[in-house]
Amino acid sequence: MGGCEGSRWRLPNSEREETTSEPQAPLLDRQSAHWKNAVGFWLLGLCNNFSYVVMLSAAHDILRHERASGNQSHAVLLADILPTLLIKLLAPLGLHLLPYSPRVLLSGVCSAGSFVLVAFSHSVSISLCGVVLASISSGLGEVTFLSLTAFYPRAVISWWSSGTGGAGLLGALSYLGLTQAGLSPQHTLLSMLGIPALLLASYFLLLTSPESQDPGGEDEADTGARQPLIGTETSELKPGSSWNLSLQERWTVFKGLLCYIIPLVLVYFAEYFINQGLFELLFFRNTSLSHAQQYRWYQMLYQAGVFTSRSSLRCCRIRFIWVLALLQCLNLAFLLADVLLTFLPSIYMVFLIILYEGLLGGAAYVNTFHNIALETNDQHREFAMAAACISDTLGISLSGVLALPLHDFLCSLP
């Protein structure tokens, strides 16, 4: 009887499986959606910045075949950054008129067009048009995808940032590796047409619907410790809702973002002042590395630092971005002093400083957008992420205005 009595309370196997599977199904769905979105945003970050990274190297190769002058090399940098700057300046005003899907499609088409134009270019002007298309693709994509993170759990900001950091490493390595393996620059560029296709597939096939997402995902203690930059009211969160704000409301939100925008501008100003103005002048003769090899090592270590820190949000979170800005400006002052006085005895000390430079820059980027996501309410977050995108590009542009003339001046010194 004991056995029969006990068996009365046991469900049949089919019923037990059905009962236990019911609570597990939503959990499995959430886990599946989490990883789809995580991988999706990582790939979007990688693909979005990939053509931007590759185009610089490829365009310089073609300009060298055309016996381009130094002024034309400067034109490449302008073509690479000015379209992105223009897009990011105008984004908070009117980009919402174009829905997300057409924006992503346009970004992918521009990326593919940049590869094709530069691959088949036989003139400097066509090469520059290809660089402009890559810049449009990157700028439009960054504004679009960072705005889109407002409708997903905040963890996707870390995945997006990691992907953009990976683009620096993989983009440079893939172009260098394929050309070193014997492919011509033209065939190398054409082989990369899969990158825009991967971007479109990641957006249209991998990401889950934003309407089904919870944009939170933070520990209550972490979220509760933060004070909203603007407002406390909430509303139903759906793509495009932020653009219903009046111009006065947008300006108020933008002013609240300045505590993050200004430090990030300073970080990127100092960072790219070093990269554009000083890298070529940090030359050591007491090493087996040639001048060109030293420059490549600087670039690779910088990109490695950026990738590492943009992937570090789960391990290290920084609220006070101005500290990173101060440290990056000290980096700039120290390396500029070495260019003028040549007091560093070994290139390995410069290697460490440049790796550190990349770590600071990547940490500033990912923590800025993570903090903005934490400190803006649902109604304002989409607009805030788009508006803050101007920070890095503005810093890079300002550094170019000053770093390139300074580089030429320092090169003219006896």
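Residues numbered from 1 in each chain as written. Predicted model: local features only at pLDDT ≥ 70, side-chain atom pairs only at ≥ 80, totals over all residues. Heavy atoms only, no water.

As recorded in an unreviewed UniProt entry, the chain goes by the name Battenin, listed as coming from Sciurus vulgaris. Here is the UniProt Sequence similarities (unreviewed entry) comment for the chain, exactly as written: "Belongs to the battenin family." (UniProt positions renumbered as here; feature names shortened; annotations may be inferred.)

Undergrad: How would you summarise a nonpolar patch on the surface if you had to cite specific residues and measurements?
TA: Taken together, the side chains of F334, L340, L341, F343, F409 and L413 make up a nonpolar region of the molecular surface, amounting to roughly 600 Å² of accessible area. Of the residues forming the nonpolar patch, the biggest block, 3 residues, is contributed by helix α12 (residues 321-341). Within the fold, F334 resides in helix α12. Its relative accessible area of 35% is what places F334 among the partly exposed residues. (Patch = residues over 30% accessible without salt bridge, like charges linked within 9 Å, V, L, I, M, F, W, Y side chains within 5 Å. Areas by Shrake-Rupley, 256 points an atom, 1.4 Å probe, with all protein chains shown as cover. Salt bridge = Lys/Arg side-chain N within 4 Å of Asp/Glu carboxyl O. Helix = DSSP H or I, 4+ residues; strand = E, 2+ residues; numbered from the N terminus. Buried < 20%, exposed > 50% of the residue type's maximum accessible area, 1.4 Å probe, protein only.)

Undergrad: Give me the lowdown on the environment of G362, citing residues and values where you can.
TA: Tracing the backbone shows G362 in helix α13 (residues 347-375). Residue classification places G362 among the buried positions, given a relative accessible area of 0%. Distance in space between the C-alpha atoms of G362 and T164 is 9.7 Å, their sequence separation being 198 residues. Once residues within four sequence positions are removed from consideration, G362 is found in contact with V306, S309 and R310. (Contact = heavy atoms within 4.5 Å.)

Undergrad: So what's going on with the packing of aromatic side chains? Residues and values would help.
TA: Per the counting criterion, the structure on display carries 17 aromatic pairs. With a centroid separation of 5.3 Å and 75 degrees between ring planes, the pair formed by F41 and Y152 is classed as edge-to-face. Here F41 is found in helix α2 (residues 13-65), whereas its partner Y152 is found in the loop between α5 (124-148) and α6 (155-180), with 111 residues between them in sequence. Each of the two residues, F41 as well as Y152, counts as buried. Note that R103 overlies the ring of Y100, its terminal NZ or CZ placed 4.4 Å from the centroid. (Phe/Tyr/Trp six-rings, centres within 6.5 Å; stacked < 30°, edge-to-face > 60°. Lys NZ or Arg CZ within 6 Å of the ring centre and 35° of its normal.)

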